[in-house]
Structures are given as structure tokens and as C-alpha cells.
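Chains, contacts and geometry: an overview
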Amino acid sequence: MIRIGANPICWSNDDMQEIGGDIPLEQCLTEAKAIGIEGMELGNKFPRKAAELRPILDAHGLDLVSGWYSTFLIERDAESEFAAARPHIDLLKAFGCKVLIAAECTRTVHGTKSAPLSSRPEMSETEWAHFNTGLTKFADFLAEEDGLTLVYHHHMGTVIQTEDEIDRMMASTGPAVKLLLDTGHLTWAGADPAEVARRYRDRIAHVHTKDVRLDVAAKAAEGDWSFLDSVLAGVYTVPGDGSVDYVSVFKALPNYSGWVVIEAEQDPVKAPPAQYVKMGFDNLSRFMAEAGWKR
């Protein structure tokens, strides 16, 4: 089964909370449901206790898809990370979520407006070994003890940004580590998301769909901009409003089952969320049909 979800970052940014900070959660959920969205990922305005969050989602007829978890596996071992993740894991399990979204955030610059992407961290050989071992163990713990699948979120400004880094991580981690395919981060990093989808089709367990305005990405590179300055300038948009060939991406995943999430962070003043998420939803629906996906 394929379902279309959304991330509240389309309404209110998590890395720079003043972007869309005035938009209440009620507006986000009401607009999402009216568009046809079936589930939402977690955002900074969501209660993190199941008893508080459940009636809010139920009132809008929305499921909880999953939520981002920042790992620090370069700095600590898998056992410590697993213990630190326990409240997040329990929240996801309470809502019947299937995946936990993990991204390594040691030394990341994606949330620092003053830090250009060129200053992003890169791992030493020792760190690579420690990270890959820890990520495998963490994924194994999740699967064995909680029945959750770890999906790794490659991300601009982090230690796993480029196609080569994704390849190295995937080659050196165990089968419990799955990939979150993010079309926007792949495209901006210079990769072909359809090719990455073909390569890892058997290990892709979650999909984020945001599109990329390549002219803005080029200016960001030329000007040595930060991730957040690039977002504010409009580097990302919703599916079908940029350069990504989504039909090719979806055709590369003929057996995919799970959530496809609209997660296009933009300035809501420049890109009204109800208008843009509706555009993305309609475009995704059309692309899925063209690719032969059944919903």
C-alpha cells in the first residue's frame, strides 16, 4: 500500500522555528486533511506524549507517519543511543508507526544559519568505522526489541550528504539499516534520485518528496550559502515545481510499499502552504499514476 503523507515543515520550519512560527498546529492539520493528506510526520509543535497527541490527530482523521531522530553515533555507542531514543521509540510505537527516521547530527551545520554548506563535517576513517558499526547495532536493536525499521535520512550539511557517502554507508551497514530516499537532498547534492532508487530499491523503506530549483542551488553554491539561507531563498519546493523527474524515480521502485511524504521546507510567506502542498499532492498523484503505482 502507498499512502501520501506530509511533514509539518511545509508549514513551520524545525531548524529555524521563526519560519512559520505564527502558523498554529490546528491550521497545519486542517489544511493537510482538506488536501487529502493521510498522515503527518512529527514537528516542533506536536506534543510528544501519546495521550496528548492522539486526540489531536484523531480529531483531524490523520495518522502519525513517523518522526526525525537525531543520532550522535560518532560520539557515542549504539547502546547509549538506543537508551537516549527510548521516549521517541515509545511514541512511534504507540501510534503503530513502522519506521524511525534517523540522521547523524554530530557537527552538523544544517541548522546553523551562519555556517555555509562548505563547512559541513566529514568523517575520518576511524569515525566511519565507528559510525557504520553503531548504526547497524542501533538498527538491529530497533528491529529486534521494538519491531521498528530504521530508515536513514541523508541530508545536506551532515556527514551523509553525497551519493558517495550514501554508497559507503549502505555498503558497510547491515541489512536492518534501510534508506530514506529524499529526492530533494539527493538532487541538490548532485545525485540522480532515480539512479539511487534503482540501486537501493530493496533497501528503501521511506520516501521524502521535495523538488529543487536548480537555479537557486547554483546561486547557493556560488555564494557559499548556508542551508537555511538557501531554503529561505527557495531552493526547495513541492513535487512538480522543480527539476526532479518523479515518474522515473517511482518507476525505479516498482515494488515500493509505504509512505510518500511531501516535505518541502519553504518560507510560508512566499509559498503559502495550503496552495503549495495541494500542488504537490496533485502532482504526486499524477506522477504515481504515470509510473504505474497503485494507491
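In this report, the structure presented in the accompanying data block is examined. (Residues numbered from 1 in each chain as written. Predicted model: local features only at pLDDT ≥ 70, side-chain atom pairs only at ≥ 80, totals over all residues. Heavy atoms only, no water.)

Before going further, it helps to examine the overall build of the chain. Tallying secondary structure elements over the chain gives twelve helices and eleven strands in all. Relative to the 2.2 N^0.38 estimate, which gives 19 Å for 295 residues, the radius of gyration of the chain is 18 Å and therefore close to what a compact globule would have. Dimensions of the chain, computed from the C-alpha atoms along their principal axes, are close to 45 × 45 × 40 Å. Within the chain, residue pairs in contact and separated by at least 24 positions form 80% of the contacts whose partners lie at least 6 positions apart. Within the chain, one finds 29 positive and 44 negative side-chain charges whose respective centroids are separated by 5 Å. (Helix = DSSP H or I, 4+ residues; strand = E, 2+ residues; numbered from the N terminus. Rg over C-alpha atoms; globule rule 2.2 N^0.38 Å. Contact = heavy atoms within 4.5 Å. Lys, Arg positive; Asp, Glu negative; His and termini not counted. Charge placed at Lys NZ, Arg CZ, Asp CG, Glu CD.)

A few words on the environment of proline 121. One can find proline 121 in the loop between β5 (99-104) and α5 (125-146). Measuring from C-alpha to C-alpha, the distance between proline 121 and threonine 158 comes to 6.2 Å, with 37 residues separating the pair along the chain. In this structure, proline 121 is in contact with Thr106, Arg107, Thr108, Val109, Gly157, Thr158 and Val159, ignoring residues within four places of it in sequence.

Moving on: the layout of surface pockets. The volume enclosed by the largest pocket comes to roughly 450 Å³. The wall of the largest pocket is formed by 23 residues, among which Lys98, Ala205, Ser257, Gly258 and Trp259 lie closest to the centre. Of all the secondary-structure elements, those providing two or more residues to the lining of the largest pocket are β3 (63-64), β8 (204-209) and β11 (258-262). Size it by volume and the second largest pocket reaches roughly 390 Å³. Along the wall of the second largest pocket there are 22 residues; nearest its centre are Asp14, Asp15, Trp68, Ser70 and His110. By residue number, the principal contributor to the lining of the second largest pocket is strand β4 (residues 68-71), which donates three residues. When grouped by side-chain class, the residues that make up the lining of the second largest pocket number six nonpolar, ten polar and six charged. (1 Å grid on protein atoms, 1.4 Å probe; cavity = no way out; pocket = protein on both sides within 12 Å on 5 of 7 lines; lining within 4 Å. Points joined across faces, edges and corners; volume = space filled by probe spheres on them. Nonpolar A, V, L, I, M, F, W, Y, C, P; charged D, E, K, R; others polar.)

This part covers the packing of aromatic side chains. In total, this model carries twelve aromatic pairs according to the counting rule given. Between tryptophan 188 and phenylalanine 227 the ring centres are 5.7 Å apart and the planes differ by 25 degrees, which places this aromatic pair in the stacked class. Here tryptophan 188 is found in helix α7 (residues 183-188), whereas its partner phenylalanine 227 is found in helix α10 (residues 227-232), with 39 residues between them in sequence. Measuring from ring centre to ring centre gives 5.4 Å for tryptophan 188 and tyrosine 236, while their planes differ by 90 degrees; the resulting arrangement is edge-to-face. Of this pair, tryptophan 188 sits in helix α7 while tyrosine 236 sits in strand β10 (residues 236-237), and the two are 48 residues apart along the sequence. The same class applies to tryptophan 188 as to tyrosine 236, namely buried. Ring-pair connections join several aromatic residues into one group, and the members of that group are Tyr246, Phe250, Tyr256, Phe287 and Trp293. A cation over an aromatic ring shows up here: arginine 86 above the ring of phenylalanine 82, its NZ or CZ 5.1 Å from the ring centre. Against the face of tyrosine 236 rests lysine 210, its NZ or CZ located 5.2 Å from the ring centre. (Phe/Tyr/Trp six-rings, centres within 6.5 Å; stacked < 30°, edge-to-face > 60°. Buried < 20%, exposed > 50% of the residue type's maximum accessible area, 1.4 Å probe, protein only. Lys NZ or Arg CZ within 6 Å of the ring centre and 35° of its normal.)

A separate point is the sheet that holds strand β6 (residues 149-153). With parallel pairing, the nine strands of this open sheet are ordered in space as β3-β2-β1-β11-β8-β7-β6-β5-β4. Edge positions in the sheet fall to β3 and β4, since each has one partner strand and no second. In terms of strand pairing, strand β1 (residues 2-6) meets strand β2 (residues 39-40) through two bridges, oriented parallel. By the bridge assignment for β2, glycine 5 is matched with glycine 39. Helix α4 (residues 86-94) contacts β3, β4 and β5 of the sheet and is inclined by roughly 150 degrees relative to β5. (Pairing = 2+ DSSP bridges. Axes fitted to C-alpha atoms, helices over the stretch in contact; angles between N-to-C directions.)

So, on to the pattern of salt bridges. Using the criterion set out here, one finds 21 salt bridges in the structure. Where arginine 198 meets glutamate 195, a salt bridge forms, and the shortest distance between an N and an O atom there is 3.3 Å. With arginine 198 and glutamate 195 both in helix α8 (residues 193-199) and three residues apart, this pair spans about one turn of that helix. Taking the shortest distance from any N to any O, the salt bridge between glutamate 195 and arginine 199 comes out at 3.7 Å. Here the residue glutamate 195 and the residue arginine 199 both occupy positions in helix α8, the gap between them amounting to four residues, near one helical turn. Classification of arginine 199 by relative accessible area gives partly exposed; the value is 34%. Shared partners join several salt bridges into a network, and the residues in it are Glu163, Asp167, Glu195, Arg198 and Arg199. (Salt bridge = Lys/Arg side-chain N within 4 Å of Asp/Glu carboxyl O.)

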